[in-house]
Amino acid sequence: MHPWVRWSLSLGSMALGFIACSGPSGWSSIDSPPLESLQLLRPPPDAPDAGAMVVLDEGSLEVFGDNDLGFSVFDRHRIIKIFTPGGHRYANIVIPYGATSMVSGIEARTVTPAGRSVELRDDDIFDVSLYPNFVFFSDQRARIFTLPAIENGSLIEYRYRIRIQNRGLWHAWNFQEDIPVLRSRFTLVKPSEWNILFRTYGRDVPPTVITAPAGFKSRHVWETSFVPPLTSEFGMPPSQELTARLALAPVGFSAWPDVSRWYHDIAEPRMSGGSLVKALADSLTFGLDSPRARLQAIFEWVRDHVRYIAVEIGIGGYQPHDAEEVVAKRYGDCKDMVVAVCALARRADIPVHPVMISTHDNGRPDTSLPSPFQFNHLIAYAPDVQPGGIWMDATEKACRFSTLPWYDQGRAVVIASKDADSTLHLTPTARASENSLQVRWDAVLQENGAAAVTGTNVLTGAVATELRHELRSARHAEQREWLENFLSHRTPVAVLDTFMITGLGPETDSLVVSYQFRSASFATRRPSTMILRPREIIGSTLSNYFRSPSRTHPVRFRFGSQSALSLTLQVPSHWEPAIPQRSDSLQSAFGQWHATWEKQEDTIVLRAGYAITGEDVQPRDYPAFQRFLDATRVRDQQELILTRIP
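Below or above, wherever it landed, is the structure these notes cover.

Rules used in this analysis
Residues numbered from 1 in each chain as written. Predicted model: local features only at pLDDT ≥ 70, side-chain atom pairs only at ≥ 80, totals over all residues. Heavy atoms only, no water. Helix = DSSP H or I, 4+ residues; strand = E, 2+ residues; numbered from the N terminus. Buried < 20%, exposed > 50% of the residue type's maximum accessible area, 1.4 Å probe, protein only. Contact = heavy atoms within 4.5 Å. Salt bridge = Lys/Arg side-chain N within 4 Å of Asp/Glu carboxyl O. Axes fitted to C-alpha atoms, helices over the stretch in contact; angles between N-to-C directions. Parallel < 35°, antiparallel > 145°, perpendicular 65-115°, else oblique. Left-handed = near helix turned anticlockwise from the far one by under 90°. Nonpolar A, V, L, I, M, F, W, Y, C, P; charged D, E, K, R; others polar. Core = buried A, V, L, I, M, F, W, Y, C linked by side-chain atoms within 4.5 Å. Pairing = 2+ DSSP bridges. Polar contact = N/O pair within 3.5 Å; in protein donor to acceptor, adjacent residues only side chain to side chain. Expected span 1.5 Å × (residues − 1). Phe/Tyr/Trp six-rings, centres within 6.5 Å; stacked < 30°, edge-to-face > 60°.

For the protein chain, the count of helices and strands is 11 helices and 35 strands. The principal-axis extent of the C-alpha atoms belonging to the protein chain is close to 95 × 70 × 45 Å. Going through the 646 residues of the protein chain one by one, you find that 50% of them count as buried. Contacts in the protein chain between residues at least 24 apart in sequence constitute 73% of all its contacts with a sequence separation of at least 6.

Here the focus is the pattern of salt bridges. Overall, the coordinates contain 38 salt bridges when judged by the stated rule. Each member of the salt-bridge network shares a partner with another, and the members are D57, R76, R78 and E177.

Turning our eyes to something else, we now look at unusual backbone geometry. Positive phi is not limited to glycine here, since A149 has a value of about 55°. Counting through the fold element by element, A149 comes out in the loop between β8 (141-146) and β9 (155-164). Relative accessible area serves as the criterion here: at 34%, A149 is assigned to the partly exposed category. A positive phi angle is found at H574, which is not glycine, with a value near 75°. Tracing the backbone through its elements, the reader meets H574 in the loop between β30 (561-570) and β31 (575-577). Taking relative accessible area as the criterion, H574 reaches 48% and is therefore assigned partly exposed.

Before going further, it helps to spend a moment on the packing of helix α6 (residues 291-305) against helix α8 (residues 334-347). Viewed as axis vectors pointing N to C, α6 and α8 meet at an angle of 150°, and their least axial separation amounts to 10 Å. Here α6 lies roughly antiparallel to α8, going by the angle between them. Like other packed secondary-structure pairs, α6 and α8 cross with a definite hand, here right-handed. In contact with L295, I298, W301 and V302 of α6, α8 contributes M337, A340, V341, L344 and A345. Looking at the contact of α6 with α8, its residues break down into nine nonpolar, no polar and no charged.

Its place among the elements puts S585 in strand β32 (residues 581-587). For the pair S585 and T403, spaced 182 residues apart in the sequence, the C-alpha separation amounts to 32 Å. Residue contacts for S585: discarding those within four places in its chain leaves W593 and H594.

Another aspect to go through is the nonpolar core. Counting 60 residues, the largest nonpolar core has W441, L445, L483, Y515, F522 and F625 as its most contacted members. Judged by nonpolar contacts, the second largest core, of 45 residues, contains Y263, C334, V339 and V341.

Attention now moves to the sheet that holds strand β19 (residues 353-357). Reading across the sheet, the five strands line up as β21-β20-β19-β22-β23 and stay open at both edges, with antiparallel pairing between neighbours. With one partner strand each, in any of the chains shown, β21 (390-392) and β23 (425-426) form the two edges of the open sheet. Strand direction decides the pairing type here: strand β22 (residues 412-415) and β23, joined by two bridges, are antiparallel. Of the residues in β23, the one forming a bridge with A412 is L426. Here α8 sits on the sheet and contacts β19, β20 (377-382) and β21; the angle it forms with β20, its principal contact strand, is near 15°.

Structurally, D258 can be placed in helix α4 (residues 256-267). Among the polar contacts made by the side chain of D258, one reaches the main-chain amide nitrogen of S254 at a distance of 2.8 Å. With residues up to four places along the chain from it excluded, the contact list for D258 reads G252 and F253.

Time to look at the environment of T110. The topology assignment puts T110 in strand β4 (residues 101-111). Each C-alpha atom, one on T110 and one on L120, is 8.0 Å from the other, the two residues being 10 residues apart in sequence. Within the local environment of T110, its side chain forms a polar contact with the backbone oxygen of P148, the two atoms lying 2.6 Å apart.

Turning to the sheet that holds strand β10 (residues 172-174), a few remarks are in order. What the three strands build is an open sheet, ordered β10-β15-β12; its pairing is antiparallel. Two strands lie at the open edges of the sheet, namely β10 and β12 (198-201), each paired on one side alone. This sheet shows a mean twist of 10° between the axes of neighbouring strands, independent of strand direction. For β10 and strand β15 (residues 245-248), the ladder comprises three bridges, and the chain directions are antiparallel. Residue W173 lies in a different strand from β15, and its bridge partner there is L246.

With 14 residues, α8 ought to run about 20 Å at 1.5 Å a step, and its terminal C-alpha atoms sit 20 Å apart, in line with that. Along α8, 12 of the 14 residues are buried, which leaves the element largely enclosed by surrounding structure. Among the residues of α8, C334, K335, D336, M337, V338, V339, A340, V341, C342, A343, L344 and A345 are the ones counted as buried. Immediately beyond the C-terminal end of α8, within one or two residues, lies D349, with a positive phi of roughly 65°.

What follows covers the packing of helix α5 (residues 275-285) against α8. Interaxial distance between α5 and α8 falls to 9 Å at its minimum, and their mutual angle equals 65°. As the angle between them shows, α5 and α8 are arranged roughly perpendicular. Of the two possible hands of crossing, α5 and α8 adopt the one that is right-handed. Only A343, L344 and R347 of α8 make contact with α5, whose side of the interface consists of V277, K278, L280, A281 and D282. Here the residues of the contact of α5 with α8 sort into five nonpolar, no polar and three charged.

Another point: the packing of aromatic side chains. Pairs of aromatic rings are described using the distance from one ring centre to the other and the angle between the two planes. For the structure on display, the rule yields 24 aromatic pairs. Each ring, one from F253 and one from W262, has its centre 5.9 Å from the other, and the planes form 75°; the classification is edge-to-face. Its relative accessible area of 24% is what places W262 among the partly exposed residues. With a centroid separation of 6.0 Å and an interplanar angle of 75°, the aromatic rings of F557 and F625 are classed as edge-to-face. Of this pair, F557 sits in the loop between β29 (529-532) and β30 while F625 is found in helix α11 (residues 622-636), placing the two residues 68 residues apart along the sequence. The two residues F557 and F625 agree in class, both being buried.

If you want it as structure tokens, here you go:
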């Protein structure tokens, strides 16, 4: 018997009976036996430390009216039991809505452990911007409130209604949260003639379907119980891929060409441009013969001159502004930058299309469910400029032309086109060797263990893009502080003398950091020995983050990468390595590690490096992955010992 079942039977069936009897007609009586049974609820056996538990999460969406005057109504009702101070945050409620929707019927209350019902007052409900920081202009708003009289053992209950001015479908429902869910239920009431596409993820939740003849409404009910909390682990995939949930495709979307043509239809009118677009395109491409050179000039202008400002008013959450307006104002979000690139490129006789993409943080889209709701970003694609085309993301200001930032790579995408086919395209992925850090140190070691070092870091690919993004707008003092921090983690008491950074502009792939520093303790000096750990200069610290003995979710890397060290160490006379040369290596499905060093006259030359493939590590492979990381860490700790020769 499942532990949740034993647990629920130990409390009796009264809790579930309470859920069944509570409804929109009014609050359940606080004196009723069902509510008393809820007061006895405690965390389930598989989540004993849960700060709270969702007793009931119930939502329903009903479609009304015809195509011209139709609307939808979404009702939600939630009951949550709070156990510890960590669960108090679930008493803070946010109800999002937009320009085409209206929130009404908010009712909420707290039932204290003593059984007293404390109602939420209307003047404690506030209306705020949903995105006060991230989105600069937005009509996306929220009604917010916090439940009164919260203490450990409290029950909170609230409900509300959202009226939506269209006949669209509520596109998702989560059965799972980061706390246990006793029961979750979603109901869809729609015209019976509508065919719907849906998928459930994380657990099998088939709907109960009540059919009806044409002209009437059918009903789909998805219901599940005893849902454990979604566990959080370092390096796991986005929660969108792991949460037990329901996704619905909007009505009218039955195949991927529907999604492609839909976005083409709302974006195409914005790409015509006007006199500003014409003049700018002609100026940027004057004297450039090849389509690639013309496209590069256009892309780099948009990347470098159009500020990223999210503007989402009405349909602006999906539809871009007119390209002429974007060029004139020189700000906009991803959609606006894409239409600017498309409009300018068209003036230069280069076809470029908008591309709907789900970035790394949003999770991989389900290729079996054609829906625009799976995507959170827009990039551009020029199919004819070179074999394989050119993919462009002008929002990433640190990324050079013809490359994508790491979070856009290896993603299934929809190219917007009026002549769309059923093909989902895949954006290119850089090899691990293309995302690299190459460190070269030339060090002169003194008798007392001090050293003077000339160093160079060469970064490429995603590694360069990330650091360039951090440093390109930093002041000189901030750049220096970053480099001092880099050195202090690799050698003790480092004092930076000079440095220079080249490649902060993304026109070239490489970012180069050159510097000179001194360390009073480059080696640990003992009476007749000096001890160094040079491999720690580029050693991986990944093993520090994967100490748990088992794993529930896969490990997902942002990208594959490699690091390499070339150290030339000039040693003082009469000092020799205890072992004249050494070579070691590790190979695994997850990556590689190697190190070699040898004595050449008065110089020791050490070369070391490691690489991570960047492929997902499945839970079954986690122990082997741990062993690989631990083995590399142990080897990085190995000492290079110099002895004094009399």
